[in-house]
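# Coordinates in review
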Amino acid sequence: MRSRSESLEFALLGLLSQGPLHGYELRKRLMAIFGPFRALSFSVLYPQLKRMVISEVIEAKEIGVTSRRTRIVYTITKKGIKRFELLNSAVTSDAWEDEGFGVRFAFFSPTTTPNRVRILEGRLLRLQEKAGVLKSDLASTPAALDRYLEEWRRFSLDSLEREIAWLKEMIITEEKSK
C-alpha cells in the first residue's frame, strides 16, 4: 500500500468483501485491524467511503431511518471485488513494512499462499535488519549513558526477536500447506 488512503481502501474492500456493513461497524472493525493507537476518525473514514462510492467500487444504501439519522449500509460491487483482488495480488515492500503489514495480515485468507510466503519472508528480513541495528546500537553504546534508553532498546530487541520467531513458524506452516 503506497499511501494511507490506499491502505484504508484495501481494508475497507476486504471488510466489505465479507458482507455489507454500516459506517460505525466499519470504523469499529478498522480500529481492530489498525490498532488502538492509530487514530481513525469519521472525518477520515467517510470521505474515503465517498471516494469509493464515486469510483463505483462500493455502493451506499440508506436503510432504517431513525429519529436521529439515516443509517447507510455499504456493499462491495463487482468492480470493488476486482479492485480488492488486484490490490491483494500486488505484493510490494509496503506489505511487510510496519505501516502495511497488519492490514495485509488481516486479509491473509484471500491471499494466495505464494504471496503470503513472500509477505512473511519480506517482513522477516525487515525485522532481522532492525534487530541487527538494535544489537549493534546496544553493543556500541557506552554503559549507563542513559539506562532508560538502553532498557527501551533491550525491550524493543526482545519484541523483535519474538516476532521473528513467530514469522519463522508462520513461514514453515505456509510452506507445508503448499
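Before any of the text, the structure's been laid out above.
Now for a description of the structure that goes with this document.

Definitions and cut-offs
- Residues numbered from 1 in each chain as written.
- Predicted model: local features only at pLDDT ≥ 70, side-chain atom pairs only at ≥ 80, totals over all residues.
- Heavy atoms only, no water.
- Helix = DSSP H or I, 4+ residues; strand = E, 2+ residues; numbered from the N terminus.
- Buried < 20%, exposed > 50% of the residue type's maximum accessible area, 1.4 Å probe, protein only.
- Contact = heavy atoms within 4.5 Å.
- Core = buried A, V, L, I, M, F, W, Y, C linked by side-chain atoms within 4.5 Å.

### A word on the overall build of the protein chain
- Counting its regular elements, the protein chain contains seven helices and three strands.
- Listing every helix and strand of the protein chain by position from the N terminus yields α-β-α-α-β-β-α-α-α-α.
- A principal-axis box enclosing the C-alpha atoms of the protein chain has dimensions of 65 × 40 × 25 Å.
- For the protein chain, with 178 residues in total, the buried portion stands at 39%.
- Long-range pairs, those at least 24 residues apart, make up 56% of the contacts in the protein chain between residues at least 6 apart in sequence.

### Things to note about the nonpolar core
- If you look at the biggest cluster of nonpolar residues, it comprises 24 residues, and the most contacted ones within it are Leu12, Leu13, Leu26, Leu30 and Ile58.
- Among the secondary structure elements, those contributing two or more residues to this core are α1 (4-16), α2 (23-34), α3 (42-54), β3 (71-76) and α4 (78-89).
- Once residues within four sequence positions are removed from consideration, Leu26 is found in contact with Leu12, Leu15, Leu16, Leu21, Leu49 and Tyr74.
- The next biggest cluster of nonpolar side chains, apart from the first, holds 17 residues, and it includes Val91, Phe101, Leu124 and Leu160.

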